[in-house]
Amino acid sequence: MNPPDWYVKGRPHLWLPYAQMKTAPAPLPVTAAHGCRLVLADGRDLVDGVASWWTACHGYAHPHLLAAVEAQLKVLPHVMLGGLVHEPAARLAGRLVKLLPPGLAHVFFADSGSVAVEVALKMALGYWRNLGHPERRRFVAFRHGYHGDTLGTMAVGDPGAGFQHGPSLGLETLRVDLPRTIAERAEFDHLLSSHRHELAAVIVEPLVQGAGGMKMHDAATLEAVARAAERHGVLLIADEVMTGFGRSGRLFACAEAEVIPDIVCLSKALTGGMMGLAAAIAGDRVYDAFYGDDFDLALMHGPTYMGNALACAAAHASLDLFETEPRLAQVAAIETHLNDALAPCRKIPGIAEVRVKGAIGAVQLTEMRHLDWLRRRFPETGVFVRPFGDVVYLTPPFVIAPDELAQLTEAVNRVLNEWSRL
Ligand SMILES: *Cc1c(COP(=O)(O)O)cnc(C)c1O
């Protein structure tokens, strides 16, 4: 069947993400999405194993999300937050604060995860400047970390994780391995101790490093990072853009380690996959450093669409669903299934490891071969799975039915067996 007219005419003008436009497999034309299914222009539907970069935790077109955005659309789609404020944003700020550990009480809205991380980095730099320590400008970041695609966030991301390195823009980063062993923890502690006078903050993706390859670490490692930061007076930024809202098993990954960061970044599943919204949420200690009679202390930032009312309405509806539907129990069931059903992949030649955490299943290849073949082959088997780097992963919507989830894990086993024989 021929692709639709809009595809033929418009697609050549789309510059697509992370793509060599000359050689990338043709993107699939999607005409609708509902539940855990993507409907294609040729009438096929695919079980979605990605949830649109981990956002669509309730599946697509959940009636409660649609109704909330429709209702908001009729009343007030958007006004700026400069000099104005509206109920969806104010109530959402309060609602997020209630879900987070005590003290994390100051919500700065942004429109994407990268911008929320930029804001968090600026908060950390401004914190030290306002306290009279402008020399504390360096960040500690972890190998395999990913914090966004803007130039500032790239400076704290790992260029080796498949994302090109940008100019550091004056941001200096000490990049180290996550301290997984006792010896590494002592080394990490020593690093913070010896550099403390120039360090602004440590930035970490708690428990799961997402786009850097679905690398996982345990709560004790996260706790060791947090304790070292605390001991040496360095701020801790938890980038929960990927892990936030249930993906790792808890509502927030930090909760598993009982770590209380100074700043938390949220986005991705915040609106249940409906639209762009993000937040950098600061603790009292950070907020208080900007609070005073002197205007020069203020945080100078303000995305045009920050706190968009439609997006806030979607976020409220998403939080409602976490309260009224058994999302975290669904994540636990997905984890059990992924553990069982991905285990046979370990025996496939060319597979180094299988990792599972919450609703994330990752099959680590020893090296990425035939990436474009893999990306073409999965849809042929009735699923949408989009490997990156040297990892084939599943991050389905939490509402996925057992037979759909089995379809995904069967496809991964089958396609990787085929791949191993190429
Ligand atoms: C996706 C992601 C970001 C960037 O979010 P965007 O909305 O794509 O800008 C930042 N940090 C983490 C951990 C992410 O997974």
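Scroll up for the structure.
Residues numbered from 1 in each chain as written. Predicted model: local features only at pLDDT ≥ 70, side-chain atom pairs only at ≥ 80, totals over all residues. Heavy atoms only, no water.

**A look at the pairing of strand 13 (residues 351-357)**
Buried residues dominate strand 13, accounting for 5 of its 7 residues. Relative to strand 14 (residues 360-365), strand 13 runs antiparallel, the two being bridged by 6 bridges. Within the sheet, the bridge partner assigned to Lys 357 lies in strand 14 and is Ile 360. The hairpin turn running from strand 13 into strand 14, its antiparallel successor, is 2 residues long, and Gly 358 in that turn takes a positive phi close to 55 degrees. (Buried < 20%, exposed > 50% of the residue type's maximum accessible area, 1.4 Å probe, protein only. Helix = DSSP H or I, 4+ residues; strand = E, 2+ residues; numbered from the N terminus. Pairing = 2+ DSSP bridges.)

**Let's talk about the state of the cysteines**
Simply put, the disulfide is a covalent bond whose two ends are the sulfur atoms of two cysteines. Within the structure shown, the criterion is met by 0 disulfides. The thiol of Cys 312 is not disulfide-bonded; the next cysteine sulfur, from Cys 57, is found 16 Å away. What makes Cys 312 buried here is its relative accessible area of 0%. (Disulfide = S-S within 2.5 Å.)

**Some words on the site of the ligand**
By nearness alone, every residue bordering the ligand is listed as Trp 54, Ser 112, Gly 113, Ser 114, Tyr 146, His 147, Gly 148, Glu 205, Asp 239, Val 241, Met 242 and Lys 268. A distance of 2.6 Å separates an oxygen atom of the ligand from a polar atom in the side chain of Ser 114. A distance of 2.8 Å separates an oxygen atom of the ligand from a polar atom in the side chain of Lys 268. Look at the ligand: alone it shows 380 Å² of surface, and the protein chains cover 84% of it. Tallied by class, the residues present in the shell around the ligand amount to 4 nonpolar, 5 polar and 3 charged. (Near = heavy atom within 4 Å. Polar contact = N/O pair within 3.5 Å; in protein donor to acceptor, adjacent residues only side chain to side chain. Areas by Shrake-Rupley, 256 points an atom, 1.4 Å probe, with all protein chains shown as cover. Nonpolar A, V, L, I, M, F, W, Y, C, P; charged D, E, K, R; others polar.)

**Considering the sheet that holds strand 3 (residues 45-48)**
Backbone hydrogen bonds hold the strands of a sheet together, and the pairing may be parallel or antiparallel. Here 4 strands make up an open sheet; going across it, the order is 1-2-3-15 and the pairing mixed. Unpaired on one side and paired on the other, strand 1 (30-34) and strand 15 (383-384) mark the two borders of the sheet. In terms of strand pairing, strand 2 (residues 37-40) meets strand 3 through 3 bridges, oriented antiparallel. In the strand pairing of strand 3, Leu 38 is matched with Leu 46.

Any functional reading would require information beyond the geometric quantities listed.
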